[in-house]
Amino acid sequence: MTDLTAVDATIAPAQKPASRPARPFFSSGPCAKPPGWSADKLATDSLGRSHRAKIGKTRLGYCIDLMRELLGLPETHRIGIVPGSDTGAFEMAMWTMLGARPVTTIAWESFGEGWVTDAAKQLKLDPTVIRADYGQLPDLSTVDFSNDVLFTWNGTTSGVRVPNADWIAADREGLTFADATSAVFAYDIDWAKIDVATFSWQKVLGGEGGHGVLILGPRAVERLETYSPAWPLPKVFRLMAKGKLAEGVFKGETINTPSMLAVEDAIFALEWGKSLGGLNGLIARSDANAAALDKIVAERDWLGHLAVDEASRSRTSVCLTVAGADEAFIKAFAGLLEKEGAAYDIAGYRDAPAGLRIWCGATVETADIEALGPWLDWAYATVFAKEQVAHS
């Protein structure tokens, strides 16, 4: 590690590390493929066939069954594959179910703010907004559960998550809507507390983008069957048919044509997860990766966690602060590591404070996180030295 006693200290040029992470894929979406993945391992019999043919419906149904098994999702909850990735799934939930009750939106990073914008400016619902700055979690004890409540389980762009579902009222009158895209398959979620959840395959499963997953609990289904929103719904959002829930959507009869190649890719990842022991195996891998990164941070004075409170710190999308760094510094830092093939896509999100974001989900190998440490030292020392020369 570089010996650094102050942010503006002179840093000796660092020696380039001798070895690189074997798989330097640390993007927070799309995320690293599962270890051992290759395109030629995907089943292709469903390609070139109608998704409504027996083979297509069978593979879509199998994908849904695997998700249910790995998530430990109760039979009371339905799972549907829908268009538009996590964003499409969450928008579908908002547009089809909101408006029956007052709405509370909770935001502590950019995607949560996106749902605030949609509720306020698009649906014009005048929501109660509970906010916190990047790196912080709002006071969840202030949430009124007579309202419908929208929140992100794991803030991908801030590295802040809800610690658990204990803050959610069991006897709530409103529905809970959880954008759980960086959380599912990485945390043990109390599904009794979640009425609507959404995610995409591109996060913890390392799948392809473009498809979302919508999970509905029984209270959400009741809302759909007893409430019609005041606004018109696009075809890709319609979950009702003849006054009843379109049950086919939750059995693999998708609203529009899915990519069967993306479905097969998701099946590969789900089968891989099952081979690890299911959800517990996936959680253990994420936890080990986050612990390895925590060790790297603890050993470096110039590196810190954006989420100061460990209890609400993400174990998937881990966001880091870099002492003295601005946006230009981070761009040079991340670009240098990409050029060396040592780490891809680790710059923080564009709307977040300048820093790094390193994915620690289950598809990443702990050895690659460990190998990243010396490269972070080298990049920091190299960019810092260049800046010193430029300003001398």
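The structure under discussion appears in the preceding block.
The model shown is predicted, which means the values in this text are computed figures rather than measured ones.

A. Quick look at the pairing of strand β2 (residues 103-107). The buried count for β2 comes to five of five residues, which makes it a mostly enclosed element. Of the two faces of β2, both are covered, the one formed by Val 103, Thr 105 and Ala 107 as well as the one formed by Thr 104 and Ile 106. As defined by bridge partners, β2 adjoins strand β4 (residues 148-152) across three bridges and the pair is classed as parallel. If you follow Thr 104 over to β4, its bridge partner there is Val 149. At this point the chain moves from β2, through helix α3 (residues 110-122), to the parallel strand β3 (residues 128-131), and the crossover so formed is right-handed.

B. Examining unusual backbone geometry more closely. Residue Pro 30 is reached from Gly 29 by a cis peptide bond, and omega for that bond is -10 degrees. One non-glycine residue, Phe 185, adopts positive backbone phi at about 70 degrees. Mapped onto the elements, Phe 185 comes out in the loop between β7 (176-179) and β8 (196-200). The class for Phe 185 is buried, based on a relative accessible area of 1%. With a phi angle near 60 degrees, Asp 345 is a residue other than glycine that sits in the positive phi range. Structurally, Asp 345 can be placed in the loop between α7 (327-339) and β14 (356-359). Among the residues examined, Asp 345 registers a relative accessible area of 46% and is labelled partly exposed.

C. Layout of the sheet that holds β7. Within the open sheet, the seven strands sit side by side as β1-β9-β8-β7-β4-β2-β3. Their pairing is mixed. This sheet does not close on itself; its edge strands, each paired only once, are β1 (78-83) and β3. On average, each strand axis in the sheet is tilted by 20 degrees relative to the strand beside it, whichever way the strands run. Docked against the sheet, helix α4 (residues 218-226) engages β1, β4, β8 and β9 (211-216), running at close to 95 degrees with respect to β9.

Thresholds applied
Residues numbered from 1 in each chain as written. Predicted model: local features only at pLDDT ≥ 70, side-chain atom pairs only at ≥ 80, totals over all residues. Heavy atoms only, no water. Buried < 20%, exposed > 50% of the residue type's maximum accessible area, 1.4 Å probe, protein only. Helix = DSSP H or I, 4+ residues; strand = E, 2+ residues; numbered from the N terminus. Pairing = 2+ DSSP bridges. Right-handed = clockwise from strand over helix to strand, strands pointing away. Axes fitted to C-alpha atoms, helices over the stretch in contact; angles between N-to-C directions. Contact = heavy atoms within 4.5 Å.

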